[in-house]
Every structure is written in C-alpha cells, then in structure tokens.
Amino acid sequence: MTAARTGGCIRVAAVADLHMRAAVAGRFRPDFRRLSADADILLLAGDLTDGGTRAETDLLCAELDGLPVPVVAVLGNHDHDQRSGYLIAARLTALGVHVLDGTAITLEIGGIRLGVAGVMGGSGGFPDHPGTPDEGSAEHRARMRRGPLDALRLRQALASIDCETRIALMHFAPIIDTLAGEPSKIYPGLGCHDLAESVDAGGAALAVHGHAHGGTEFGRTPRGVPVRNVSFPVLGRSYAVYEIVPGSDRPEDRDRIPSRP
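Everything numeric here is computed off the predicted structure, so don't read it as measured data.

Trainee: Help me out: how do you make sense of the overall build of the protein in this one?
Mentor: When helices and strands are counted, the protein shows 7 helices and 13 strands. Since a compact globule built from 261 residues should have a radius of gyration of about 18 Å, the 17 Å found for the protein is in line with a globular shape. Along the first, second and third principal axes, the C-alpha set of the protein runs to 50 × 45 × 35 Å. The buried share of the protein, reckoned over its 261 residues, is 54%.

This is the structure in structure tokens:
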C-alpha cells in the first residue's frame, strides 16, 4: 500500500549509484515504472553506469525510458570513466531526462514551482578531514580541486533559480554526517565542505548526493538543511521518497518504501 500523501507537498524520489551493468539489468525498472504512486519527481545522483561504457548506457536508458514522472540527473565519477560522460548525458537528454552540470531547472509540479540545481561535485575534504590538493599525482590534485570548483558552480546555479523551493543535487557528499560508516581516512576523497556552504547560501530545502556506498542516509548542513545520501547500497531499495512542504522552515521529509503490487 502507498502511504498517504501530505497535502501541499512535493514528493521527491531519489537514488544514486545504480552502476548499471549486465548483472543488474532490469533491477530498477519495475519500481521506476510505478513511481507516480509514490513520487512527483525522480532525482538521480550520479554513477548511473558502472564504467561509462556504451553497453551500460544502453542498459541505463532501457531502465529510464518512458517513466511517469519528470527525471533530473547529475553524472558521477564512474560515468566519466571512458571519457564519454557527454555521450551519456546526450542519450539521457534524448529520453527527456534533465541532466544538470552547473545548471538548474525549474519545474511545475501540482501547481508548485520546484527548482533543482545540480553538479557532480568532487573531493576536497572537510574541516577535520582536510584534502591534499597540492600533493600527489596530477589526477589526485585535479580531484581534490574539483570539489571547491563545483561548489562555486552549485552556488551560482542555486542563485539562478527563480522560485522559493530549491533542491541541490550532487554526486559527491557535502557533509561528513552522511559518510559515517566509511573509513574516515577516505572522507576527503568522498566530498567537500564547500558544497555544504553552497547549499546553505543557496537557500536549498534539501540536498541529495550519492557516492558513499558505506555511508549513512540522514544528515544536515551546518545551517540545518537536510542532506540525504541516496546511494543504492545505503538505501537497499530502488529509491527513497522525501516530502518537501513549500514555504516551511524545514521540509517534512519522510522515508518511504516503494509501493508494491
């Protein structure tokens, strides 16, 4: 049975780290086809493919084709493994998925305007777990500098939204609360505190990320914005649903299990 809907809210379904490959083909499709019973929109927070290949992209598109609610996505680091993230984005766009990269989109859902700003994000570290952007290989330094750079892009994208209700969508984590369960030594590689600062500055009602497979679902930014780690290994199901009540100081978020026949 589907839980009763709170009046005047937006129901946001979210998941990350599908890591589409032959071994999981079709796993998400049945629940995604029934999304409208639980949610008004689906957010995909990156690592949608396992290694960015064309075959995996085909499987991903089969999973997402013709869904009954709007879909908004960002790519993750593994979607760029073959240097073909732009091809994945193009294929998803052709399906009608809104793929964000330092950009934002505003949708009208049940008479309510909802803005979503998205970036991949990156590494960079946190106050008690700093990164090392000036050490190591060129690839390591680039990863460590990506977080602060994408945080700036996220801040600008949030600022461009012309409605009150805003969501920040990213792949990398903005806080350490949702990393709990991962080895603390890898925290700097899993996210960046600058992303949280952008979430707070941008007036987001909710922040959604993935990437941390061993992390924790629930956390908050320093200013109290709810943050949700929606990595599929964390959720253990096809998606979670969070309710946002426009105009409230905090979203009324509820963890829901997808409806079953």
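Trainee: Would you explain the side chain of glutamate 217 in this entry?
Mentor: Tracing the chain through its elements places glutamate 217 in the loop between strand S10 (206-209) and strand S11 (218-220). Of the side chains with opposite charge, arginine 237 lies nearest to the buried glutamate 217, which makes no salt bridge, at 4.1 Å. Of note is the side chain of glutamate 217, whose polar atom sits 2.6 Å from the side chain of tyrosine 242.

Trainee: Sorry, what's going on with the packing of aromatic side chains here?
Mentor: Two aromatic rings, taken as a pair, are described by how far apart their centres are and by the angle between their planes. In the structure shown here, the tally under the stated rule is 2 aromatic pairs. Centroid distance phenylalanine 28 to phenylalanine 32: 5.8 Å. Interplanar angle 20°. Geometry classified as stacked. The burial state of phenylalanine 28 is the same as that of phenylalanine 32; both residues are buried. On the numbers, 5.0 Å between centres and 80° between planes, the contact of phenylalanine 28 with phenylalanine 232 is edge-to-face. Remark: phenylalanine 232 occurs in helix H7 (residues 232-235) and phenylalanine 28 occurs in the loop between strand S1 (10-15) and helix H1 (29-33); sequence separation between them is 204 residues. Phenylalanine 232 sits in the buried class, given a relative accessible area of 17%. An aromatic cluster of three or more residues is present, and its members are Phe28, Phe32 and Phe232.

Trainee: Just to check I follow, could you spell out the pattern of salt bridges for this structure?
Mentor: Pairing is possible between side chains that carry opposite charge, provided their charged atoms lie close to one another. What the rule picks out here adds up to 9 salt bridges. Among the ionic pairs, arginine 91 bridges to aspartate 58, the shortest N-O distance being 2.9 Å. Here the residue arginine 91 occupies a position in helix H3 (residues 85-95), and aspartate 58 occupies one in helix H2 (residues 54-64), the gap between them amounting to 33 residues. Residue arginine 153 is joined to aspartate 150 by a salt bridge in which the shortest nitrogen-to-oxygen separation is 2.8 Å.

Trainee: I keep staring at helix H6 (residues 193-201) and nothing clicks. Help me out?
Mentor: Residues lying three or four places apart along an α-helix face the same way, a consequence of the helix completing one turn every 3.6 residues. Among the residues making up H6, those that are buried are His193, Leu195, Ala196, Ser198, Val199 and Asp200. Immediately downstream of H6, the backbone of glycine 203 shows phi near 70°, a positive value.

Trainee: Would you take a moment to explain unusual backbone geometry for this structure?
Mentor: In this structure, aspartate 17 is a non-glycine residue whose phi angle is positive, near 60°. Phi at histidine 19 takes a positive value of approximately 45°, unusual for a residue other than glycine. With respect to the helices and strands, histidine 19 occurs in the loop between S1 and H1. When its relative accessible area of 8% is taken as the criterion, histidine 19 is described as buried.

Trainee: What's the story with the pairing of strand S13 (residues 240-244) in this structure? I'm lost.
Mentor: As a general feature of sheets, a regular strand has side chains that alternate between the two faces. A large share of S13 lies buried, amounting to 5 of its 5 residues. Of the two faces of S13, both are covered, the one formed by Ala240, Tyr242 and Ile244 as well as the one formed by Val241 and Glu243. Alignment of S1 against S13, held across 5 bridges, turns out to be antiparallel. Each residue of the ladder has a partner; that of arginine 11, found in S13, is glutamate 243.

Conventions used here
- Counting restarts for each chain: residues are numbered from 1 in the order of the written sequence.
- It should be noted that, the model being predicted, local features are given only for residues of pLDDT at least 70 and side-chain atom pairs only at 80 or more, the latter also being counted only at that level, while totals for whole chains, interfaces and linings use all residues.
- Each side-chain value is derived from all of the structure's non-hydrogen atoms; neither hydrogens nor water enter the calculation.
- Helix and strand definitions follow DSSP, with helices as H or I runs of at least four residues and strands as E runs of at least two, each counted in order from the N terminus.
- Within these notes, the globule rule equals 2.2 Å times the number of residues to the 0.38 power, and the radius of gyration is based on C-alpha atoms.
- Relative accessible area decides the class of each residue, using a 1.4 Å probe on protein chains only: under 20% of the type maximum gives buried, over 50% gives exposed, and in between gives partly exposed.
- Under this rule, positive means Lys or Arg and negative means Asp or Glu; His and the chain ends count for nothing.
- Salt bridges, as used here, are contacts in which a Lys or Arg side-chain nitrogen is within 4 Å of a carboxyl oxygen on Asp or Glu.
- Whenever a nitrogen or oxygen atom comes within 3.5 Å of another N or O atom, the pair is scored as a polar contact, on the condition that within protein one atom can donate a hydrogen and the other can accept it, and that pairs from neighbouring residues in sequence are kept only if both atoms are in side chains.
- Think of it this way: a Phe, Tyr or Trp ring, Trp meaning its six-membered ring, pairs with another when their centres are within 6.5 Å, and the plane angle makes it stacked under 30 degrees, edge-to-face over 60, tilted otherwise.
- Strand pairing is assigned whenever DSSP detects at least two bridges linking the two strands.

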